[in-house]
2 protein chains.
Amino acid sequence: MIDIQRAPHLAPSLAERGQPGSRFRVATPALILDIDALDRNIALMAERAKRAGLKLRPHAKSHKSSFIARRQIAAGAAGVCCAKLGEAEALAEAGIDGILITSPLAGGTTARRAAALSKRLTDFAVVVDHADQVRELEAAAGAAGTRLKVVIDIDVGLHRTGVPDMQGAVALMQRIGTAEHLALNGVQGYGGSWQHMKGREARYAAVEQGVAILATAAKSLKAQGAAVAQITGGGTGTFGADAALGILNEVQPGSYVFMDAQYRDALGDDADGAFEQSLFVQSSVISINQPGSVTVDAGLKAFATDAGPPRPATAPFAPDAYAFRGDEHGRVMLPAGHALAIGQRIELVPPHCDPNVDKYDVYHVVSGDKLVDIVAIEARGRSQ
Amino acid sequence: MIDIQRAPHLAPSLAERGQPGSRFRVATPALILDIDALDRNIALMAERAKRAGLKLRPHAKSHKSSFIARRQIAAGAAGVCCAKLGEAEALAEAGIDGILITSPLAGGTTARRAAALSKRLTDFAVVVDHADQVRELEAAAGAAGTRLKVVIDIDVGLHRTGVPDMQGAVALMQRIGTAEHLALNGVQGYGGSWQHMKGREARYAAVEQGVAILATAAKSLKAQGAAVAQITGGGTGTFGADAALGILNEVQPGSYVFMDAQYRDALGDDADGAFEQSLFVQSSVISINQPGSVTVDAGLKAFATDAGPPRPATAPFAPDAYAFRGDEHGRVMLPAGHALAIGQRIELVPPHCDPNVDKYDVYHVVSGDKLVDIVAIEARGRSQ
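Residues numbered from 1 in each chain as written. Chains lettered and ligands numbered in written order. Predicted model: local features only at pLDDT ≥ 70, side-chain atom pairs only at ≥ 80, totals over all residues.

Draft legend 1. How the structure looks around the overall build of chain A. The number of helices and strands found in chain A is eleven helices and 17 strands. Relative to the 2.2 N^0.38 estimate, which gives 21 Å for 384 residues, the radius of gyration of chain A is 22 Å and therefore close to what a compact globule would have. Counting only residues that meet the buried cut, chain A has 59% of its 384 residues in that class. Long-range pairs, those at least 24 residues apart, make up 69% of the contacts in chain A with a sequence separation of at least 6. (Helix = DSSP H or I, 4+ residues; strand = E, 2+ residues; numbered from the N terminus. Rg over C-alpha atoms; globule rule 2.2 N^0.38 Å. Buried ≥ 20, exposed ≤ 12 C-beta atoms within 10 Å, placed from the backbone. Contact = placed C-beta atoms within 7 Å.)

Draft legend 2. Spotlight on the sheet that holds strand 2 (residues 55-56) of chain A. All names here are of chain A. As summarised here, the arrangement of the eight strands in space is 2-9-8-7-6-5-4-3, forming an open sheet in which the pairing is parallel. The two strands at the open ends of the sheet, each matched to only one other strand, are strand 2 and strand 3 (80-82). Pairing geometry for strand 2 and strand 9 (residues 250-251), over two bridges, is parallel. Paired with Lys-55 across the strands is Glu-250, a residue of strand 9. Against the sheet, helix 4 (residues 85-93) contacts strand 3 and strand 4 (99-101), and its axis sits at roughly 165 degrees relative to strand 4. (Pairing = 2+ DSSP bridges. Axes fitted to C-alpha atoms, helices over the stretch in contact; angles between N-to-C directions.)

Draft legend 3. Spatial organisation of the relation of the copies chain A and chain B. Overlay of chain A on chain B (RMSD 0.0 Å): rotation 180 degrees, translation along the axis 0.0 Å. Taken together, these values place the two copies in the relation of a two-fold axis. The overlap is high: 100% of the interface residues of chain A also sit at the interface in chain B, so the same surface is used on both sides. (Least-squares fit on C-alpha atoms with pLDDT ≥ 70 in both.)

Draft legend 4. Region of interest: the domain arrangement of chain A. Residue and element names in this part refer to chain A. You can read the domains of chain A as domain 1 (8-34 + 275-376) and domain 2 (35-257). With centres defined by C-alpha atoms, the gap from domain 1 to domain 2 works out at 33 Å. The interface is formed by 17 residues belonging to domain 1 together with 17 residues belonging to domain 2. Where the side of domain 1 that touches domain 2 is concerned, the elements lending two or more residues are strand 1 (30-34), helix 11 (353-357), strand 16 (362-367) and strand 17 (370-376). Considered class by class, the residues forming the side of domain 1 that touches domain 2 number ten nonpolar, three polar and four charged. (Domains from an automatic or database assignment. Nonpolar A, V, L, I, M, F, W, Y, C, P; charged D, E, K, R; others polar.)

Draft legend 5. Representation of the pairing of strand 15 (residues 345-349) of chain A within the structure. All names here are of chain A. Burial analysis of strand 15 places four of its five residues in the buried class, which makes it a mostly covered element. As paired elements, strand 10 (residues 279-287) and strand 15 share four bridges and run antiparallel to each other. Bridge pairing in strand 15 links Gln-282 to Glu-347. Bridge count for strand 12 (residues 311-312) against strand 15 is two bridges, and the pairing is antiparallel. Bridged to Pro-312 within strand 15 is Leu-348.

Draft legend 6. Molecular detail of the environment of Leu-267 of chain A. Residue and element names in this part refer to chain A. Secondary-structure assignment places Leu-267 in helix 10 (residues 261-267). Residue Leu-267 is classed as buried on the basis of its 27 C-beta neighbours within 10 Å. Along the primary structure Leu-267 and Asp-36 are separated by 231 residues, whereas in three dimensions their C-alpha atoms are 22 Å apart.

Draft legend 7. Broad picture of the interface of chain A and chain B. Taken together, the contacts link 59 residues of chain A with 59 residues of chain B. At the level of elements, helix 4, helix 6 (131-144), strand 10 and helix 11 of chain A are the ones that each hand at least two residues to the side of chain A that touches chain B. Among the elements that make up the side of chain A that touches chain B, the one with the highest residue count is strand 10 of chain A (four residues). Among the residues forming the side of chain A that touches chain B, the class breakdown is 19 nonpolar, 24 polar and 16 charged.

Draft legend 8. Quick peek at the environment of Gln-19 of chain B. Residue position: Gln-19 of chain B is located in the loop between helix 1 (11-14) and strand 1 (30-34). Sequence separation between Gln-19 of chain B and Arg-120 of chain B is 101 residues; the distance between their C-alpha atoms is 41 Å.

Draft legend 9. Molecular detail of the sheet that holds strand 5 (residues 124-128) of chain B. Residues and elements named next belong to chain B. The eight strands lie next to each other as 2-9-8-7-6-5-4-3, forming an open sheet whose pairing is parallel. Of all strands in the sheet, those with a lone pairing partner are strand 2 (55-56) and strand 3 (80-82), marking the two edges. As paired strands, strand 8 (residues 230-233) and strand 9 (residues 250-251) are joined by two bridges and run parallel to one another. Opposite Gly-233, over in strand 9, you have Val-251 as the bridge partner. With respect to the sheet, helix 4 (residues 85-93) is in contact with strand 3 and strand 4 (99-101), its orientation differing from that of strand 4 by roughly 165 degrees. Helix-sheet contacts for helix 7 (residues 166-177) involve strand 5, strand 6 (148-153) and strand 7 (182-189), and the interaxial angle to strand 6 is about 170 degrees.

Draft legend 10. Expanded view of helix 7 of chain B. When the terminal C-alpha atoms of helix 7 of chain B are compared, their 16 Å separation across twelve residues agrees well with the 16 Å that a helix rising 1.5 Å per residue should span. Elements in contact with the buried residues of helix 7 of chain B: strand 5, helix 6 (131-144), strand 6, strand 7 and helix 8 (200-223) of chain B. (Expected span 1.5 Å × (residues − 1).)

Draft legend 11. Quick peek at the packing of helix 4 of chain B against helix 5 (residues 108-120) of chain B. Residues and elements named next belong to chain B. Remark: helix 4 packs on helix 5, axes separated minimally by 11 Å, with the N-to-C direction vectors making an angle of 30 degrees. As summarised for this structure, helix 4 and helix 5 are arranged roughly parallel, according to the angle between their axes. Relative to helix 5, helix 4 is oriented so that their crossing is left-handed. Between helix 4 and helix 5, the residues in contact are Leu-85, Ala-88, Glu-89 and Ala-92 and Thr-110, Arg-113, Ala-114, Leu-117 and Arg-120, respectively. (Parallel < 35°, antiparallel > 145°, perpendicular 65-115°, else oblique. Left-handed = near helix turned anticlockwise from the far one by under 90°.)

Draft legend 12. Representation of the nonpolar core in the model. Within the largest apolar cluster, 234 residues are counted, with the highest numbers of intra-cluster contacts made by Leu-91 of chain A together with Leu-91 of chain B. Once residues lying within four places of it in the same chain are set aside, the contact partners of Leu-91 of chain B are Ala-60, Ser-66, Ala-69, Val-80, Cys-82, Ile-96, Ile-99, Glu-378 and Ala-379 of chain B. (Core = buried A, V, L, I, M, F, W, Y, C linked by C-beta atoms within 7 Å.)

Draft legend 13. Representation of the packing of helix 7 of chain B against helix 8 of chain B in the model. Residue and element names in this part refer to chain B. Put simply, helix 7 and helix 8 touch, their axes get as near as 10 Å, and they point 45 degrees apart. As summarised for this structure, helix 7 and helix 8 are arranged oblique, according to the angle between their axes. Helix-helix and strand crossings are classified by hand; for helix 7 and helix 8 the assignment is right-handed. Along the contact surface, helix 7 presents Met-166, Ala-169, Val-170 and Met-173, while helix 8 presents Thr-216, Ala-217, Ser-220 and Leu-221.

Draft legend 14. Structural detail: helix 3 (residues 66-74) of chain A. Residues and elements named next belong to chain A. The buried count for helix 3 comes to seven of nine residues, which makes it a mostly enclosed element. Taken residue by residue, helix 3 has Ser-66, Phe-67, Ile-68, Ala-69, Arg-71, Gln-72 and Ile-73 as its buried positions. Once helix 3 finishes, Gly-76 follows within two positions and takes phi at roughly 120 degrees, a positive value.

Draft legend 15. A look at the environment of Ala-205 of chain A. All names here are of chain A. Following the sequence through the fold, Ala-205 ends up in helix 8 (residues 200-223). Judged by C-beta crowding, with 14 C-beta atoms within 10 Å, Ala-205 ranks as partly exposed. In this structure, the C-alpha to C-alpha distance between Ala-205 and Ile-377, residues 172 residues apart in sequence, is 36 Å.

Draft legend 16. Just unusual backbone geometry, in detail. Residues and elements named next belong to chain A. A cis amide bond, omega -5 degrees, links Thr-28 with the succeeding residue Pro-29. Take Pro-29: it is sitting in the loop between helix 1 (11-14) and strand 1. Omega for the peptide link from Ala-315 to Pro-316 comes to 5 degrees, which places this bond in the cis form. Among the secondary structure elements, Pro-316 is positioned in the loop between strand 12 and strand 13 (322-324). The phi dihedral of Met-259 falls on the positive side, at around 65 degrees, and the residue is not glycine. Note on placement: Met-259 falls in the loop between strand 9 and helix 10.

Draft legend 17. Structural detail: the pairing of strand 14 (residues 330-333) of chain B. Residues and elements named next belong to chain B. Bridge analysis of strand 11 (residues 293-296) against strand 14 gives four bridges, and the strand direction is antiparallel. Paired with Val-296 across the strands is Gly-330, a residue of strand 14. Looking at chain direction, strand 13 (residues 322-324) and strand 14 are connected through three bridges and run antiparallel. For Phe-324, the partnering residue across the bridge sits in strand 14 and is Gly-330. Where strand 13 hands over to strand 14, the hairpin turn is made up of five residues, of which Gly-326 adopts a positive phi near 95 degrees.

Quick look at the structure:
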């Protein structure tokens, strides 16, 4: 439950917990999490990973919350991934262990924070893609008296992060080998842009080409004597391909817990898309003075805006009924003959779940029409 | 200063306060506020309003912070506007008085919160655009034993909120007249879409047409015996037109404290655009494995994304050097022959300041190359 001492403004909503209809009486705009759909999504991915013999380390950059991480770990996940060190610190503070940082870190202060986390947790690793990072982490781990696990990030075609070639990977491995307080644990390759490719075949082809690079890297490092325990990568959209290709031994899907409009469009009815929508933004009608539409209290600040407008979650609204109307407002077109009163609620499916979650401090956890709890999104805004 | 007990992760940056170069050693991505540019912007708008004989009630939806609101009030502002009740509650909690809520409120619980704020503050008003809101506010104000000031929101052509015609405005005025615990204080008309119109003449023409509606409404209400003390509206982009037309007696500019790429493009060298950039996002280089570009730690989660990509704040980068590379990363193209090391900093001008600020918990306040303080953005995420 949320620490209500720090968030007294949530007290009126929380006081109604468990009462019929309480879902639709929370203060809006509110981030709504359907606990039943969430738990089914968590169970389904755990089952898929188990069947494929893959270690599951879901990406917490999607949910940024110990509440969800705990449920994932209880269902069999090995821990979680974090995109940023600040996220990992926030989740570790909330009691989560088994964390892989999937982006390279920069700077001495950051390296010292990573070393502190390595000391505190039983299972903690960070990716590296450059000798300067190795130097900084080695110094920090030495000073802290810890042995820090590192994973070499390989560029599998996105040219965003990662060592760009095999000689580079081997050189970095050798550099890590000279670092007394670092332990090489494996390789990572992540194809962010593959996740939302439309159509199973296009996604599978992209993954096949990309992970072949990762397979070569793992082989090159092994040939040089490195133990490559962890071959990690993948996401919600590429799980099927990752399982079929059998190169990764650990997968990092994130968005499957929530789903969003973007993933629905890309994955369609494919097995990778067989997750339920569990995340919504609830808005309230605040103005009804225009014929044929209403104005709601959720605008540019209430949604991620990088993937188009949100979609009404339920009938009778058309999928394209919502339009942004500035920072604080949205317009929802009404079906002919339909009217709404001031204060009525409209729930919307976020266009892109990860950055949408990052705008909210709490999940309003619901089951059916009841508010079940309000839980903290501890790592929101902790992208440093 | 930030309550470091609640944000221990900021302690390392804060410890360097006042030291040369400390601006460029904060944990990134960080929202940077140039205090000198901010104060010059605040002084310039105060001077413009004073010269035009306009009451200034800057919009706090832009900055969401008591630190900035206090400086605006110290420079002569009558108080601040808030877009949402939750914002007003957060700023009132931080000691700010003189608040106008510029969006209609919906629901009994919300009305009770508004009545509580009316009791607590010496100057507080909310806009209304429908009889149902009047009914809810009257009931709540009566129960709380307060007299709540209301302002009739007039639709000046945006069809977002506001009473759409003069008969409606008069009818709402009469309804307010029957409400013992409400006091009509004036009218509001806001043209959000006028603010970013390119070119002074287009903006002035739009404002002229829109505020004529507001003038008619004010006249109609006065003819019916209402005291219309407050005629409020306007923004950063329309200040010149609002001052020239002389219909408003109170203006609500928000973005002038920061400026952003969108406003720069629209306002150009016009007097309305003569404010300095005071707001930046500072990123760190985390990967340098690609020729000609670097990857930084600021992506879709670090910026508002409704108005294109951010722009590098300083040479040697081209204005379009930055591209989004997913939730957590950006790519910055380098000029020929230029190289950067891991950990180096790049500051960027936000595309759209208001929703950009709403992603961060704190401002890193800087003067020159020194970090001066870290201050809370108390109303961030308080859009309920």
